[in-house]
Each structure stands twice: as structure tokens, then as C-alpha cells.
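# Chain and residue survey
Below, each chain spelled out in residue letters.
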Amino acid sequence: MKRLVLPSTLWLCFIALLMMGQSAQAQSLPDFTELVEEAAPGVVNISTSRTVQSRPALQGFGNQEIPEIFRHFFGDSFPVPPGNGGGRSEERQSLGSGFIISADGYVMTNAHVVQDADEILVRLNDRRELPAELIGSDTQTDVALLKIDANNLPVLDLGDSDELKVGEWVAAIGSPFGFDHSVTAGIVSAINRTLPRDVYVPFIQTDVAINPGNSGGPLFNLEGEVVGINSQIFTRSGGFMGLSFAIPINVAMDVADQLREDGHVNRGWLGVMIQPVSQDLAESFGMSQAIGALIADLDPEGPAAQGGLQAGDVIIEVNGEEVDRSSTLPRLIGRVAPGNDVELTLMRDGEQVSETVELGSWPDAEKPQQAKGSNNQVRLGVAVSELDQATRERLNIGGGVVVRQVESGSVAAEAGLRPGDIIVSIDHRSVSSADELLRIVEALPNDRAIPVRLYRDGRSLFVALRLE
């Protein structure tokens, strides 16, 4: 077998070309040094603390952790058998990130970073630590707005998240595991990503390394502009596994403006239950493409029903914007203020029609209506609101109230109640309103286990509470 022997000059040329290629590839990679130098002063570390009632040790488990099988049914609050002793108060702390959006002290972060916090502390780049006031938070988008008493602060430039493209380089600055001002980088993997239970946020998906403590920190484009707030990761281990999700800054700033002005967020409400349009459904409705949101049901008192919409209508446009899939509809409706009209383009019986509907307020956007009377708050430690008709029909229940807030260390917290739970009955008596909840609770005896039936994540279950 013959071997080809290249002259030494050709070998040198080949090696030179290879090195030039590697050099060109290295030069094509982005340099984040200038971005970090300019942006780092506007990124802050956020620490929170709250006092909770710890779970007592259970007989048979000693001081060991409660087995996972029990957590599946009871969550973090396991019912304590009589005579097993009470827990003790303990302080829990958490860490997150945030960034400054105004020179007079407004700071943006995630709602879950400051949720249920008794104290919020913001540490600036110059090592100053300042207490923060929670102006407002919105759990639907996971955005919170804080205010610290300071002036002439470094402010980050905000970009336009609608201009992001898949494959674009981005970088994050935050405090993963408490390591301040750590920088990670990657690319945009996808845009307009829908996650379960996050219908109002078209997430930016990236491969930027995000870990606990990064939450609430900024996501930058190559121009050093904030284009997102790092919010979630997909993980099976508790750490970064290559998928992270950020809230687009355009969405976050709309929420922040409402929080600053009103302390809460108002969203438009259409009053419909929707489902995706499959190819077979599209064909059955005389549509050439499987797009839009199919109305499966309507709240008879809701804006859609009052505006003439019908079950079986497929919404394909909102104010001229295409509804490419069912998950797009809540975003388009939710960003329109209640009381405003929306122009809807529908497919109905194979024909394209238009309807104008005046939007109402999302029931979840209303301020929590606490059952009147201090006795209820003292005895249970919950704030509740009325259950809307659409949810009653969906769950096929006659009544109930939605738990909006649970006071830390309260009877309700010890029983395992959570925000979002729907209380259907207490002590085998139906609860149809906040006032009725108050009357039932006032008559309950002390120091006796009381059964509470509730719906959680669409499933019915019982918990036991004991009034003191």
C-alpha cells in the first residue's frame, strides 16, 4: 500500500490554515467583559426571612424527614396526631437576585423570591444592605416590585424582548447558591414557550446556566440591555440541566407599571373555557389550518356569553393579532385592561365572523376578599374570595370559596391549606360564600379535629384542622 508523503512546506501551510480557522472561530465568539463591567452595578442580591411553625417529630419517624409518600398526599404540612406535641417557631431564609429599574430605588425580581417574606433585604454592588418594601407582586407572571430608600442608583438599560431571535447570544448575572454577581452565557433556544400553569407568560427559553439564587436576575442581550427576568429551570436534580426560562421584559414592565400605580394587576377576562384545535377538529370546522382557540364552554354571566360568543366558536384573531394556538389567547386577552373592547375574529359554522366584546376583570385579579370579621382571621388565618361560576361548573360543585392567602403558622397552615385550594365544606357543612364560611367557623368547637373537604389541582381531598 502506497503512502502519500506531503512536502514539509505543504504541511506547514495546512497547519497554518488550521490555526487560522481556530483563531477565526474564537474571534466569532462574543466577549461579555464590557457588558459585565457596565451592567453589574445594577444587579442586586435579595435575601428574605420569614418565621414558620416547624413540623413536630412524628411518632415512629423520630427526627427523620417525613417519607415522600406522605408528602404526596399532605404536602409540606403533615397532620399531627393528638398528643404528639406542637412544633416550634423557626426562621427560614432564602436568596435570590434582582435588578434596579429606576434611580430612586425601584427593584424588580421574581414574586416567588419574596413570597411570604417577613423581611426583605437588598444588597447593592457597593455592599450596602438596605431593607426593601414590597410594592406588589403578581404570581401569575412571577413578577414582584420592591422599593428601597436610596437615590442616584445605577439603572440597567431595558431592551425590547419582542426583537429577540432564536440563536441569539444572551447572558445572565445573578447570585446562584449565594455567589454574588456570577455570570453565565448561552443562546436563546426558543421564544414564546408555554409552560404548565403559566398561561400569561410567553417564556424565553435559553441554555444559560441558571441555578437556585439566580431567580429574579436579569437576562441581557449583547447590547447590554435587559430582555428578560430569569424565573424557572427544568430540572430533575434541583440544579441546572440545560433548560432555563425567562420572563420577557416587555411583559414584566407592563406588570411592574401596574404594581407601581395600583399595587396589583388587572387583566382582561373573556369568560371562556378553551381547548387546542387539532387537525381533525380544524377539518370538521371547515378550517384549512389547525390554528386558534376552540371555545369548549362559556361562563353564562361572562363577557363572551354577553357578547354573543358560542361554544364551538374558534377564535383566530384578537385585535388583528393571530391566535396561532390556544395558549396564545390568554396572553392576548390578559394584556388588555378590563372595560376595554376587543375585536375577535372567529370561525363559526365554516364562516369567518367578527364580534366585539367588552372584557371583564379576571376573578384571580381581584383583590382577595377576606371573610368579614376578625374572628375568622384569628381562628383560621386565611383570606378567601368567592368562587366564579365557570370554575363551579368545571368542577361540578354547587359552591365553595378560593383560598387566596394563608397566614404562616396559622391553624389553616398547620392543616396543610394552600393558596388556590377551594374549600367546599367544613365539618360536613357546605361552604358557598365567605360570609357562610365565617358563620360556620364561629360555631366550631375548640380542640377537636374538624374535617375540611377541598379541591386541589382538580382533585377532591380532605384535611383535618384543629381550632385552639
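Parameters at a glance
- Residues numbered from 1 in each chain as written.
- Predicted model: local features only at pLDDT ≥ 70, side-chain atom pairs only at ≥ 80, totals over all residues.
- Heavy atoms only, no water.
- Core = buried A, V, L, I, M, F, W, Y, C linked by side-chain atoms within 4.5 Å.
- Buried < 20%, exposed > 50% of the residue type's maximum accessible area, 1.4 Å probe, protein only.
- Helix = DSSP H or I, 4+ residues; strand = E, 2+ residues; numbered from the N terminus.
- Contact = heavy atoms within 4.5 Å.
- Phe/Tyr/Trp six-rings, centres within 6.5 Å; stacked < 30°, edge-to-face > 60°.
- Lys NZ or Arg CZ within 6 Å of the ring centre and 35° of its normal.
- Expected span 1.5 Å × (residues − 1).
- 1 Å grid on protein atoms, 1.4 Å probe; cavity = no way out; pocket = protein on both sides within 12 Å on 5 of 7 lines; lining within 4 Å.
- Points joined across faces, edges and corners; volume = space filled by probe spheres on them.
- Nonpolar A, V, L, I, M, F, W, Y, C, P; charged D, E, K, R; others polar.
- pLDDT = per-residue confidence, 0-100.

A few words on the nonpolar core. Membership of the largest hydrophobic core comes to 28 residues, with the highest contact counts inside it found for Phe99, Met108, Phe220 and Ile249. Those elements that place two or more of their residues in this core are helix H2 (33-39), strand E3 (106-109), strand E6 (143-148), strand E7 (169-174), strand E9 (198-206), strand E11 (226-233), strand E12 (244-248) and helix H5 (249-262). In this structure, Phe220 is in contact with Leu35, Ala39, Val43, Leu156, Trp169, Val170, Ala171, Ile173, Glu225, Val226 and Val227, ignoring residues within four places of it in sequence. Within the second largest apolar cluster, 26 residues are counted, among which are Val401, Leu437, Ile440 and Val452.

Overall, the coordinates contain two aromatic pairs when judged by the stated rule. Relative to Phe245, the ring of Phe203 has its centre 6.3 Å away and its plane inclined at 75°; by these criteria the two rings are edge-to-face. Taken together, the residues Phe203 in strand E9 and Phe245 in strand E12 connect sequence positions 42 residues apart. Between the NZ or CZ atom of Arg267 and the centre of the ring of Tyr200, over which it lies, the distance is 4.6 Å.

Moving on: H5. With 14 residues, H5 should reach 20 Å at 1.5 Å per residue; the first-to-last C-alpha distance of 19 Å fits that figure. Two residues or fewer after H5 comes Gly263, characterised by a positive phi angle close to 85°.

What follows deals with the layout of surface pockets. Approximately 690 Å³ is the volume found for the second largest pocket. As for the second largest pocket, its lining consists of 30 residues, of which Asp162, Pro202, Val251, Arg331 and Arg335 are closest to the centre. The set of elements that each furnish at least two residues to the lining of the second largest pocket consists of strand E8 (182-195), E9, H5, strand E17 (321-322) and helix H8 (328-334). Looking at the lining of the second largest pocket, the element that brings in the most residues is H5, giving five residues. Taken together, the residues of the lining of the second largest pocket break down into 11 nonpolar, 10 polar and nine charged.

The subject of this paragraph is the confidence of the model for the chain. A residue-level look at the chain finds 81% of positions with pLDDT of 70 or above and a mean pLDDT of 81. Across residues 68-77, confidence stays below pLDDT 50; counting only partners more than four residues off in sequence or on other chains, it has 19 contacts. Note that pLDDT drops below 50 for residues 365-378; the model gives that stretch 33 contacts with residues more than four away or on any other chain.

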